[in-house]
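Examining the three-dimensional arrangement
Given next are the chains, with one letter for each unit.
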Amino acid sequence: DQFVLNASQVDEGLKGHAAAKSMYVDANNQLWMGSTRGLYCYQMGGQFNNQCPPQIQLATPRLFFEPIQAQDHQQENGKLLFAHNENHLTFDFIGIDLSEGKSIQYQYMLEGLGVNWQNTDQESITFSNIPPGQYQFMLRAQNSDGIWNEQPEVYAFEIRAPFYMRWWFISGVIALSISLIIIVAQLRIASLARQRDLLNDKVKERTADLREAKNKSDELLLNILPKETANELKTNGKALARTYAQASVLFSDFKGFTKMSEQISSEQLVATLDQIFQRFDALCDLHDIEKIKTIGDAYMCAAGIPIEQEDHAQRLVAFALDMKKTMAELNNELSAQGLPPWNIRIGVHSGPLVAGVVGKKKFAYDIWGDTVNIAARMESSGEINQVNISSKTAKLISEDFLIHHRGKIQAKNKG
């Protein structure tokens, strides 16, 4: 049934009160009241059984007893987020019941804190030192007839852990620690590697120094002795003289060398002689000729030693002709510089000889025998800028070279 409530019909004691607009007393002295839940009738002397649970109003929590504005705090999935030091919260609430409001009983629970439902008749609950975590403050009420709310009021919030307790920070610290351990290990390994490399470098440096010293020693030895003789000397500590049945020997010197030394400076003389002998040395390598020594302006070499060669005479004569050609080219260069020419005499003889090393100090590879003496006579009795050979050498090379017969020539001490 529906009724129109008229304030003029309400008892005089209710006139002027806001409730007077929602109450009505009918002819049977029954009191009708309108509420948000519908229309209620109160019978004087009757028994009232309230089946409606109280309505609960839950306010925004207070932080350290001070009101807060929800919009001033960060939210996530509908939950307010509090910092780790914002952990003192007070929850205010009120229950509304039309029968006996003062007899409402409450139960609350902070889900996430590990506490079950707690009874209270207060309308304010405070939690302090709430640890970081996710929580739900849950509240339900019971009216005087023992009727509970089917669904409790829930307020969800989160206390954020401090940065040093958050997973990303802990993960970062763990990752950083692992990285530091790896870096320290790598630095240690790198340090050991550097020490090892430094030691290896020192060993290599010492080895290189020894090798260089050995190479210099070998080069010096090879510059003095033939390779085979040097190896024999290094292996056995001595090199025995050896007899060769056939070899060819060459002597050369420059006519008028003493007079030439009076025309040009000593420095120029020695420099030109050094240049000439260097070119002769290169020709020795080209023809596989063994240089024996130089004595003043004389150049002495041989073929067929220390390794025997069947074509020793051909090799040495070809070498002698190249010497002649080299001097012709050099004299052209000297003439262009306004310097006097160098006139060479070359002599070659073939025959048996002895070669080897004598002495212990300043030793040198040398050759002995009459073949050497005759080769010297071939040079001294020869013509300038010509290759003068003995008849014995001529027989060995006659099929390979053009020879001009000079006839018998007097050789000092040889007839």
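Bear in mind the structure is a predicted one, so any value in this text is a computation, not a measurement.

**Some details on the overall build of the protein**
Secondary structure summary: the protein contains seven helices and 19 strands in total. Sorting the 415 residues of the protein into buried and exposed places 34% on the buried side. Expressed as a percentage of contacts within the protein between residues at least 6 apart in sequence, the contacts between residues at least 24 apart total 65%.

**Details of the pattern of salt bridges**
With the rule as written, the count across this model stands at 13 salt bridges. In this structure, Asp 197 and Arg 196 form a salt bridge, with 3.5 Å as the shortest nitrogen-oxygen distance. Residue Arg 196 is classed as partly exposed on the basis of its relative accessible area, which comes to 49%. The closest approach of N and O atoms between Arg 315 and Asp 311, which form a salt bridge, is 3.0 Å.

**Let's talk about the nonpolar core**
It is characteristic of soluble globular proteins that their nonpolar side chains tend to be buried jointly. Grouped together as the largest cluster of nonpolar side chains are 32 residues, with contacts concentrated most on Leu 250, Phe 254, Phe 280, Phe 319 and Trp 342. Elements supplying a minimum of two residues to this core: strand 14 (242-255), helix 3 (257-263), helix 4 (266-287), strand 16 (298-303), helix 5 (312-336), strand 17 (343-358) and helix 7 (391-397). Here the element with the most residues in this core is helix 5; it accounts for nine residues. When residues no more than four places from it in sequence are discounted, the contact partners of Leu 250 are Tyr 299, Met 300, Cys 301, Leu 316, Phe 319, Ala 320, Met 323, Ile 346, Gly 347 and Val 348. In terms of nonpolar packing, the next biggest core, distinct from the first, is built from 22 residues, Leu 63, Leu 110, Phe 137 and Ile 159 among them.

**Considerations on the packing of helix 4 against helix 5**
At a minimum axis distance of 10 Å, the contact between helix 4 and helix 5 shows a crossing angle of 150°. Judged by the twist between their axes, the crossing of helix 4 over helix 5 is right-handed. Counting all contacts with helix 4, which are made through Thr 272, Gln 275, Ile 276, Arg 279, Phe 280, Leu 283, Cys 284, Leu 286 and His 287, the residues of helix 5 involved are Arg 315, Ala 318, Phe 319, Asp 322, Met 323, Thr 326, Met 327, Leu 330, Glu 333 and Leu 334. Here the contact of helix 4 with helix 5 is composed, by residue class, of eleven nonpolar, four polar and four charged.

**Observations concerning the sheet that holds strand 6 (residues 75-76)**
Taken in spatial order, the six strands line up as 6-7-13-12-9-10 in an open sheet, and their pairing is mixed. Lying at the two open borders of the sheet, with one neighbouring strand each, are strand 6 and strand 10 (118-120). Summarising the sheet, strand 9 (residues 105-111) and strand 10 pair through three bridges and their orientation is antiparallel. Its bridge partner lying in strand 10, Tyr 106 is registered against Thr 120.

**Points about helix 5**
Taking 1.5 Å of rise per residue, the 25 residues of helix 5 would be expected to cover 36 Å, and the 37 Å separating its terminal C-alpha atoms lies within 8% of that figure. The positive-phi residue at the C-terminal boundary of helix 5 is Gly 338, with phi of around 80°.

**What to know about the pairing of strand 12 (residues 133-142)**
Bridging between strand 9 and strand 12 involves seven bridges; their strand directions are antiparallel. Its bridge partner lying in strand 12, Gln 107 is registered against Arg 140. Judged from the seven bridges that link them, strand 12 and strand 13 (residues 153-159) form a sheet pairing that is antiparallel. Residue pairing for strand 13: Met 138 is matched across the bridge by Val 154.

**Re unusual backbone geometry**
The omega torsion of the bond from Ile 305 to Pro 306 falls at -10°, within 30 degrees of zero and hence cis. Topologically, Pro 306 is positioned in the loop between strand 16 and helix 5. Within the chain, Phe 64 stands out as a residue other than glycine whose phi angle is a positive 55°. Considering the arrangement of structural elements, one finds Phe 64 in the loop between strand 5 (62-63) and strand 6. Judged by relative accessible area, which is 41%, Phe 64 ranks as partly exposed. Here Asn 129, not a glycine, exhibits a phi torsion of approximately 55°, which is positive.

**Quick word on the layout of surface pockets**
By volume, the largest pocket is sized at about 900 Å³. The wall of the largest pocket is formed by 30 residues, among which Asn 388, Ile 389, Ser 390, His 404 and Arg 406 lie closest to the centre. Breaking the lining of the largest pocket down by element, the ones donating at least two residues are helix 5, helix 6 (370-380), strand 19 (387-389) and helix 7. Its residues placed into classes, the lining of the largest pocket shows 13 nonpolar, eleven polar and six charged.

Criteria and cut-off values
Residues numbered from 1 in each chain as written. Predicted model: local features only at pLDDT ≥ 70, side-chain atom pairs only at ≥ 80, totals over all residues. Heavy atoms only, no water. Helix = DSSP H or I, 4+ residues; strand = E, 2+ residues; numbered from the N terminus. Buried < 20%, exposed > 50% of the residue type's maximum accessible area, 1.4 Å probe, protein only. Contact = heavy atoms within 4.5 Å. Salt bridge = Lys/Arg side-chain N within 4 Å of Asp/Glu carboxyl O. Core = buried A, V, L, I, M, F, W, Y, C linked by side-chain atoms within 4.5 Å. Axes fitted to C-alpha atoms, helices over the stretch in contact; angles between N-to-C directions. Left-handed = near helix turned anticlockwise from the far one by under 90°. Nonpolar A, V, L, I, M, F, W, Y, C, P; charged D, E, K, R; others polar. Pairing = 2+ DSSP bridges. Expected span 1.5 Å × (residues − 1). 1 Å grid on protein atoms, 1.4 Å probe; cavity = no way out; pocket = protein on both sides within 12 Å on 5 of 7 lines; lining within 4 Å. Points joined across faces, edges and corners; volume = space filled by probe spheres on them.

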